[in-house]
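Structure assessment
Next come the chains, spelled out residue by residue.
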Amino acid sequence: MSAHSKRSIEMRTWFVILIAACIFFGLGGVYSLLTSTHQWGIAAAGIMVAYIFLIAYVGIQVARFGLIKSANFGALVGLFLAAFYLAGELIVAGLIEQVSIWQWYGGRWNDGYELFGAGSFAIKGFLWAVAYSLRILLILFVLPTAMLSEGERQFCELCKSSTTKTRWKSVVKSFDPAVLVGVSDLRSLMMLGGGSGGERGVWLRVRTCKCASLGELTVDQYKIEAEQRGDTIMKDSPISPIGLCRLVEWVRATDGSAELPGSDLDLEQFGANRQMFDLPLKPAGNEWESLHRWNGSGMGMEWGCDTEYTRAMRVLVGKGDFRAIEESLAMAEDINDIACIYEAGADWYDPQDWIGLWCDEQPGSSVAHTVAGINHVKRAWLERGGGWTPKHVPEFMGLLNLAMESFDRATAIDPENATAHAWKIYAGKGLGQEDERVRLYFDAATRSHPDFHAAHWMYFDYLTAKWYGSEEQCIGFAREVLKNRAAGSAALGVVAYAHFEIARERMEKDKKAGFMGYLNQPEVRSDIVRANDLAFTDHRMSMVTPRVRAFFAYMLWQLGETQGAKAHMEIIGKTTPWDPFSASVFFLSKETYTKARKACGL
Ligand SMILES: [Zn+2]
């Protein structure tokens, strides 16, 4: 369940790479067409240079559209695409001249390439081979390098540009060399007070995208006497507009003679003059539409999609405008909406500087510490990876301990903060805490909010056999929920999740009949049908409803309860991103959802 948005991102990446491979093959072919059918002579050098630029440009676009977020992966893809480009060149050249690749090489070696028209000086033999090899090496070097550097850079979806524009450079004086040793991030930098008469300064550079929503900060030491830059303190560290505002304030207060950003960097909009976030907290149709969350972590999730509401909120929050989270929470009443807003505010693939700044500025805010905690959980799982075998275990555990500290702080400030209690379950799961303790988190989260879906889902997940429970505990919990929850509660989704989980385990032992063999047992079937009827009688609609509905639609379809499944699918509409329905792979197979709709007569 938790892999869905990650899978979609990977699908997009692979799909773009596939198309790019075709494009690069075509580019190679066009190059051969240009140079084989026409004697350009010395002008071919110009075509070659233009082509190298074109290849690098297309490579950068592929890295952007393909959401390639790692430099190494970018370089690897670049190498792969370069191979396709060269294959295109060779194959088309062979086709045009009606020769095999080796005959083509032989022809070039013997006849060479005439530089100044027919019969003039020709590059041939060894000289041609060297020139040709150099060109190939250049392509093999330029394309991966372009994609490598693009993979490192942030890309802004709002203004469709990367963080390449240098907006502000400044030297801030003066510090003791000793105090600079402890500086590692924006927060520790802004703890420093300057003007101590020390012999060091810091050299700052901020690069942003066109609209300045995304930025990167580089900080070097600066030797005042020698007017020279020294060791790098921070390199290309992401900085939000709010972080940038705070940095400008800090520079102004620290060194009156330091250069401040020019007027083209409009930071006013993030300061006092910002707009309140006051979209109405209700769906456009009958129910919230589930939209894919592109820049989320795709990890450690309760809720992996956005609604129009949380998507709009995330545009502001992504700029570091954390007040949008507070404003949204102030409007939300349903605990499930509240939990979705919290998670939408905290779920980011890239590190977010504003979360730490927010906690520093408002240490008494339970909301700030909860967002920080959820973000730590997400970062922990990004370190760990989604697979069976955890990676980077010390970092994983360290981040989970930080998360637990944040949640403890949040619940100490506000013991009624159910979201903070609930996320302790998730952190506790990673930390391997015992059931007695984790159950207390669950009880604290649901005491005043029995409908709290996230708390139920997280505790159910803890109780699965793959974590710290067993089939019996899982089913015991599901039946407890079925017995105790009132009609209309989204928490009843857990009954379906628990039986699905066990059915899937049975499938691993018996691929053919394990899944349905389990679900078709009378008491299992009756649990699921009753939970569905109860959950959707006077259902209390919230942002988690589409997910719960999709899950029950799937289970009812599997059980042959066509009428019930159909009723859900009529509300869901033509597509759903929610598991256990899975998306098609490269259009080769039909989506299970489309199949299910057909089976139910839609
Ligand atoms: Zn931008």
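Residues numbered from 1 in each chain as written. Predicted model: local features only at pLDDT ≥ 70, side-chain atom pairs only at ≥ 80, totals over all residues. Heavy atoms only, no water.

The subject of this paragraph is the overall build of the protein chain. Tallying secondary structure elements over the protein chain gives 24 helices and ten strands in all. Principal axes of the C-alpha set define a box for the protein chain whose edges measure 95 × 70 × 40 Å. A total of 602 residues make up the protein chain; the buried ones form 52% of that total. If you take every contact in the protein chain between residues at least 6 apart in sequence, the share linking residues at least 24 apart comes to 67%. (Helix = DSSP H or I, 4+ residues; strand = E, 2+ residues; numbered from the N terminus. Buried < 20%, exposed > 50% of the residue type's maximum accessible area, 1.4 Å probe, protein only. Contact = heavy atoms within 4.5 Å.)

Our focus in this paragraph is a nonpolar patch on the surface. Taken together, the side chains of F25, F80, F84, I91, L95, I101 and W102 present a nonpolar region at the surface, about 700 Å² in accessible area. Secondary-structure elements contributing two or more residues to the nonpolar patch are α3 (71-97) and α4 (101-111). A total of four residues in the nonpolar patch trace back to one element, the largest contributor, which is α3. Structurally, F84 is set in helix α3. For F84, a relative accessible area of 32% puts it in the partly exposed group. (Patch = residues over 30% accessible without salt bridge, like charges linked within 9 Å, V, L, I, M, F, W, Y side chains within 5 Å. Areas by Shrake-Rupley, 256 points an atom, 1.4 Å probe, with all protein chains shown as cover. Salt bridge = Lys/Arg side-chain N within 4 Å of Asp/Glu carboxyl O.)

Before going further, it helps to examine the sheet that holds strand β5 (residues 165-175). The strand order across the open sheet built from four strands is β5-β6-β7-β8, with neighbouring strands paired in antiparallel fashion. Two strands close off the open sheet at either side, each with one partner strand: β5 and β8 (228-239). The mean angle between the axes of side-by-side strands here comes to 15°, regardless of whether they run parallel or antiparallel. Pairing between β5 and strand β6 (residues 200-208): nine bridges, direction antiparallel. Residue V172 lies in a different strand from β6, and its bridge partner there is V202. Lying on the sheet, helix α8 (residues 241-254) is in contact with β5, β6, β7 (215-223) and β8; it crosses β5 at an angle near 35°. (Pairing = 2+ DSSP bridges. Axes fitted to C-alpha atoms, helices over the stretch in contact; angles between N-to-C directions.)

Further remarks concern the domain arrangement of the protein chain. Often, the extent of an interface is quoted as the loss of accessible area upon association of its parts. Segmenting the protein chain into domains produces domain 1 (4-152), domain 2 (161-263) and domain 3 (275-445). Computed over C-alpha atoms, the centres of domain 1 and domain 3 are 45 Å apart. (Domains from an automatic or database assignment.)

Turning to the environment of E150, a few remarks are in order. Along the polypeptide, E150 turns up in helix α5 (residues 125-152). Judged by relative accessible area, E150 falls into the buried class, the value being 5%. Considering only alpha carbons, one finds E150 and G59, 91 residues apart in sequence, at a separation of 9.0 Å. The residues contacting E150, other than those within four sequence positions of it, are I60, A63, R64 and S162.

Within the fold, N336 resides in helix α11 (residues 335-346). Among the residues examined, N336 registers a relative accessible area of 2% and is labelled buried. Of note is the side chain of N336, whose polar atom sits 3.2 Å from the backbone oxygen of D451. (Polar contact = N/O pair within 3.5 Å; in protein donor to acceptor, adjacent residues only side chain to side chain.)

This part is about the packing of aromatic side chains. Summed over the entire model, instances satisfying the criterion amount to 37 aromatic pairs. Consider the rings of W381 and F396, whose centres lie 5.0 Å apart with planes at 85°: the pair is edge-to-face. Here W381, found in helix α13 (residues 366-384), pairs with F396, found in helix α14 (residues 393-413); they are 15 residues apart in sequence, far enough to count as distant. Residue F396 is classed as buried on the basis of its relative accessible area of 4%. Taking the centre distance of 5.3 Å and the plane angle of 80° together, the rings of Y554 and F581 count as edge-to-face. Remark: F581 occurs in the loop between α23 (562-572) and α24 (592-599) and Y554 occurs in helix α22 (residues 545-558); sequence separation between them is 27 residues. Accessibility assignment for this pair places Y554 and F581 in one class, buried. Taken together through their ring pairs, the aromatic side chains of W381, F396, W423, Y426, F442, W457, Y459, Y462, W467, Y468 and F477 make up a single cluster. Positioned above the aromatic ring of W348, the side-chain terminus of R314 is 3.9 Å from the ring centre. Cation over ring: R547 sits above W457, and NZ or CZ is 5.3 Å from the ring centre. (Phe/Tyr/Trp six-rings, centres within 6.5 Å; stacked < 30°, edge-to-face > 60°. Lys NZ or Arg CZ within 6 Å of the ring centre and 35° of its normal.)

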